Amino acid sequence: MKEVKRKEYYIFSPFLRIFHWIMVAMILILFVTGLLIAKPLQVMTPEPTYTLTSMDLVRDIHFVAAFIFCASFILRIYGFIINKGDRLFPRVWEGHFYEETVDVALHYMLLKPHHASFLRNPLARMSYAALYAMVLVEILTGFAMYYMNDPNSTGGVLFGWVNVIAGGEMMTHLVHHYVAWFIILFAIGHIYMVIRAEFMEGESEVSSMFSGSKILAHTPKDACELE
Amino acid sequence: MEKRESLWDRCLDKGISRRSFIKSCVALTSLMGLSTDCLSKVVEAAEAKPLPVVIWIHGHECTGCDESFIRSASPLASDLVLSQIDLEYDHLLSAACGAPFEAHLEETIQKYKGQYILAVEGAVSTKDNGIFCMSGGHTFTHLLRHAAENAMAVIAYGTCAVSGGIQAAAPNPTGSSGIKMFVGNKPLINVPGCPPIPEVMTGVVMHVALFGAAPPLDGEGRPKQFYGNRIHDTCYRRPFFDAGLFAENYDDAGAKAGWCLYKLGCRGPETYNSCGNIRWYQGMSYPIQSGAACIGCSNPHFWDEGSFSDRLPKYDKIGDADKIGVGLAVMTTAGVAAHAVASVVQKGQRDVQEAQKGGAAE
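Since the structure is predicted, the reported quantities are computational estimates derived from the model, not experimental observations.

As for the overall build of chain B
- If you tally the helices and strands in chain B, you get 14 helices and 9 strands.
- Radius of gyration (C-alpha) of chain B: 29 Å, far over the 21 Å computed for a compact globule of 362 residues.
- Counting only C-alpha atoms and orienting by the principal axes, one finds that chain B spans roughly 120 × 50 × 35 Å.
- Every one of the 362 residues in chain B was classed for burial, and the buried ones make up 50%.
- Taking the intrachain contacts of chain B between residues at least 6 apart in sequence as the baseline, contacts between residues at least 24 apart amount to 73%.

Section: the overall build of chain A
- For chain A, the count of helices and strands is 7 helices and 2 strands.
- Along its sequence from the N terminus, chain A presents helices and strands in the succession β-α-α-α-α-α-α-α-β.
- Taken along its principal axes, the extent of the C-alpha atoms in chain A is 70 × 40 × 35 Å.
- Here chain A holds 227 residues, and the buried ones make up 48% of them.
- For chain A, the proportion of contacts with a sequence separation of at least 24, taken over those separated by at least 6, is 67%.
- Summed over its atoms, the accessible surface of chain A is roughly 12100 Å², and 72% of this surface lies on carbon and sulfur atoms.

Considerations on the packing of helix 1 (residues 7–14) of chain B against helix 2 (residues 18–31) of chain B
All names here are of chain B.
- Contact pair helix 1 / helix 2: the axes reach a minimum separation of 10 Å and the direction vectors enclose 140 degrees. One finds that helix 1 runs oblique with respect to helix 2. Both helix 1 and helix 2 take part in a crossing whose hand is right-handed. Seen from helix 1, the contacting residues are Leu7, Trp8 and Cys11; seen from helix 2, they are Arg18, Phe21 and Leu28.
- Residues that form the contact of helix 1 with helix 2 fall into these classes: 5 nonpolar, no polar and 1 charged.

Notes on the domain arrangement of chain B
- Its domain assignment divides chain B into domain 1 (50–227), domain 2 (229–311) and domain 3 (319–361).
- In this structure, domain 1 of chain B and domain 3 of chain B have C-alpha centres spaced 65 Å apart.

Some remarks on the sheet that holds strand 3 (residues 117–121) of chain B
Residues and elements named next belong to chain B.
- Taken together, the 5 strands give an open sheet; going across it, the order is 2-1-3-7-9, and neighbouring strands pair in parallel fashion. Both outer strands of the open sheet, strand 2 (86–90) and strand 9 (188–191), are each paired with one neighbouring strand and no more. Ignoring which end each strand starts from, the neighbouring axes of this sheet average 20 degrees apart.
- Pairing between strand 7 (residues 153–157) and strand 9: 4 bridges, direction parallel. Within the sheet, the bridge partner assigned to Ala156 lies in strand 9 and is Asn190.

Observations regarding helix 3 (residues 96–108) of chain A
- If you check helix 3 of chain A, its first and last C-alpha atoms are 18 Å apart, about what 13 residues at 1.5 Å a residue would give, namely 18 Å.
- Once helix 3 of chain A ends, the next one or two residues include Leu110 of chain A, with phi positive near 65 degrees.

Thoughts on the environment of Leu28 of chain A
Residues and elements named next belong to chain A.
- Tracing the sequence through the fold places Leu28 in helix 1 (residues 14–38).
- For Leu28, a relative accessible area of 51% translates into the label exposed.
- Leu28 sits 37 residues away from Ala65 along the chain, and the two C-alpha atoms are 9.6 Å apart.

Focus on the confidence of the model for chain A
- Residues of chain A with pLDDT of at least 70 account for 100%, and the chain-wide mean is 87.
- The element-level mean pLDDT for chain A is lowest in helix 3 of chain A, coming to 84, with helix 1 of chain A highest at 93.

Quick notes on the side chain of Arg222 of chain B
Residues and elements named next belong to chain B.
- Inspection of the secondary structure assignment puts Arg222 in the loop between helix 9 (198–211) and helix 10 (224–227).
- When its relative accessible area of 5% is taken as the criterion, Arg222 is described as buried.
- Excluding residues that lie within four positions of it along the chain, Arg222 makes contacts with Asn190, Pro192, Pro216, Leu217, Tyr227 and Tyr272.

Regarding the interface of chain A and chain B
- In this assembly, 40 residues from chain A lie in contact with 46 residues from chain B.
- Summing both partners gives a buried area of about 3800 Å² for chain A against chain B, and 59% of it is carried by carbon and sulfur.
- Summed over the three residues of chain A that lose the most area to chain B, namely Gln42, Met170 and Tyr192 of chain A, the buried surface amounts to 17% of that side.
- There are 3 salt bridges connecting chain A and chain B.
- Between Asp320 of chain B and Lys39 of chain A there is a salt bridge, with the nearest N and O atoms lying 2.6 Å from each other.

Quick notes on the nonpolar core
Residue and element names in this part refer to chain B.
- Counting 53 residues, the largest nonpolar core has Phe21, Leu28, Ile155, Tyr157, Val191, Leu210 and Ile288 as its most contacted members.
- Looking at which element gives the most residues to this core, the answer is helix 9, with 8 residues.
- Residues lining this core come from more than one domain, with at least three contributed by each of domain 1 (50–227) and domain 2 (229–311).
- Aside from chain neighbours lying at most four places away, what touches Ile288 is Ile231, Cys235, Tyr236, Arg237, Leu261, Cys266 and Cys294.
- Ranked by size, the runner-up nonpolar core spans 26 residues in total, among them Val53, Ile57, Phe140 and Leu143.

Regarding the pattern of salt bridges
- Going through the model one piece at a time under the given rule, you end up with 20 salt bridges over all chains.
- With a shortest N-O distance of 3.7 Å, Arg91 of chain A and Glu94 of chain A are connected by a salt bridge.
- Judged by its relative accessible area of 22%, Glu94 of chain A is partly exposed.
- Across the salt bridge formed by Asp310 of chain B and Lys314 of chain B, the nearest N and O atoms sit 3.0 Å from each other.
- Here the salt bridges share partners, and the residues they tie into one network are Glu169 of chain A together with Arg230, Asp233, Arg238 and Asp242 of chain B.

A short note on the confidence of the model for chain B
Residues and elements named next belong to chain B.
- Averaged over chain B, the pLDDT score is 88; the fraction of residues at 70 or greater is 98%.
- Here helix 5 (residues 77–84) stands out as the least confident element of chain B, with mean pLDDT 78; strand 9 is the most confident, with 94.
- Here the predicted complex carries an ipTM of 0.85, next to a pTM of 0.87.

Description of a nonpolar patch on the surface
All names here are of chain A.
- Nonpolar side chains collect at one region of the surface, where Trp21, Val24, Leu28, Ile191, Ile195, Phe199, Val206 and Phe210 lie side by side and expose about 780 Å² of accessible area between them.
- Where the nonpolar patch is concerned, the elements lending two or more residues are helix 1, helix 6 (169–200) and helix 7 (205–211).
- Of note, Val206 is situated in helix 7.
- Since its relative accessible area comes to 31%, Val206 is described here as partly exposed.

Some words on the side chain of Ser213 of chain A
Residue and element names in this part refer to chain A.
- Relative to the helices and strands, Ser213 resides in strand 2 (residues 213–216).
- The class of Ser213 is buried, set by a relative accessible area of 6%.
- At a separation of 2.8 Å, a polar atom in the side chain of Ser213 contacts the side chain of Glu8.
- Apart from residues no more than four positions distant in its own chain, Ser213 is found in contact with Glu8, Tyr9, Tyr10, Ser204 and Ser208.

About the cut-offs
Residues numbered from 1 in each chain as written. Chains lettered and ligands numbered in written order. Predicted model: local features only at pLDDT ≥ 70, side-chain atom pairs only at ≥ 80, totals over all residues. Heavy atoms only, no water. Helix = DSSP H or I, 4+ residues; strand = E, 2+ residues; numbered from the N terminus. Rg over C-alpha atoms; globule rule 2.2 N^0.38 Å. Buried < 20%, exposed > 50% of the residue type's maximum accessible area, 1.4 Å probe, protein only. Contact = heavy atoms within 4.5 Å. Areas by Shrake-Rupley, 256 points an atom, 1.4 Å probe, with all protein chains shown as cover. Axes fitted to C-alpha atoms, helices over the stretch in contact; angles between N-to-C directions. Parallel < 35°, antiparallel > 145°, perpendicular 65-115°, else oblique. Left-handed = near helix turned anticlockwise from the far one by under 90°. Nonpolar A, V, L, I, M, F, W, Y, C, P; charged D, E, K, R; others polar. Domains from an automatic or database assignment. Pairing = 2+ DSSP bridges. Expected span 1.5 Å × (residues − 1). pLDDT = per-residue confidence, 0-100. Buried area = accessible area lost by both parts, 1.4 Å probe. Salt bridge = Lys/Arg side-chain N within 4 Å of Asp/Glu carboxyl O. Core = buried A, V, L, I, M, F, W, Y, C linked by side-chain atoms within 4.5 Å. Patch = residues over 30% accessible without salt bridge, like charges linked within 9 Å, V, L, I, M, F, W, Y side chains within 5 Å. Polar contact = N/O pair within 3.5 Å; in protein donor to acceptor, adjacent residues only side chain to side chain.

Laid out in structure tokens, this is it:
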């Protein structure tokens, strides 16, 4: 039994936390259904009419999940506007950002025993910006394929140009598929890093995504940004 | 300039009745993908507009588009060529040849400056000043530029003329490309396909002829009435796709039952064309109906987007993106696990060192 003095830092608004967990669920659903759309399962029953693998259903789940994902992203952006703690992008325009990123990177390369503590780890923030970029590519290519069943519709006009830029609709499909894999690779790294930060560095990375607060024994370097 | 005949004049010459004339106008209207409300406009145009002068030139290609064109049934290609347009020059269909024929081309260009329709088949070979494609002592680039700058409108027939075609496949030794950059600011109508559907070819040229303007075009310059839908969205096998019934091989029970060819690499979901609704040769069939997966022949770069029998491209022995993805995911997980072990070991060593230091200090 030991007594530790801890301070609570509230940073993540409900908008961000709800978005985060919806994103987790939707990315899993989108990824699995997406793989099934690219390579449909075929379960043969004695009578094909009663086949168990309805492509229509798989596609509908994919589309509904995509719309929920986009809707929650819009709320995330709303939260970013009204809440000081939520941030979309790393503060790359501040000079100290780069030194801090190098510092953290050296620690993760096991070259430095410690790195300064941050409420918002600069290296992690960079990876989130990369994730948002990948998500944006998925949204653009996804809607480009989805709406082009009627090129004259509003959606077709809004997103049709993506197919032209990609160099043909086949390319749009491939980009959509390949980027999905990179998002999964990101997720593996992300899960590892937050668990590592929680257990080895005493950062409440995991719990803060539920409670919104980080309860820390030490004072993070960027604590002043919350004032 | 002498008076040029209209379609109606030509009907009168031939003793074709008014009734037959109106009938062919009705056929033309539906052929051009117009609603029947437009019939009166079509009749007016057919009565008054002189027959369009067409110059039809061929670049780097296989002339398969002509093979398709001469199989047009409504209207018959022969009707179109002999009585519905004034085909003044055609590399392939003309009986004349040699210097007089080339002189006739120049005469036609000068005589109908700004009035004729230029139909182009085949890619432009641009490398080494275009010497890979010559006719009449000139490079095709020269002929195309010259004919296009005096044309009323330019029609690019076939994927070659639209985006380079098979000869533009990597590594593209002749520098073949579509005709777009050679036609300047003239209205350009892209009619891709390898080859395009015959009725689409005749429909587009008749539209330009009767209305003197390009039909409504989509973002890639293709007539909306013919390229407004994906084959997948008009395919009669679509219900099998939705139900999840796929042919896995070209010789399995699914293929025999006529199920969806999606898993065999069908490009229907990416391809805009009228195969699903107009079909080929009087609606007889189209590739998917014949049991072959669509290869997306009206798409730019379809020749480099193989293999045609796979949905995802395969990278030699490594496999497709899904295999590579699983491999990368496993490697990432292993890397992360190794990093975790290394971190824990390092932390343990550090803690021991610090404890020793602390012990020494005491």
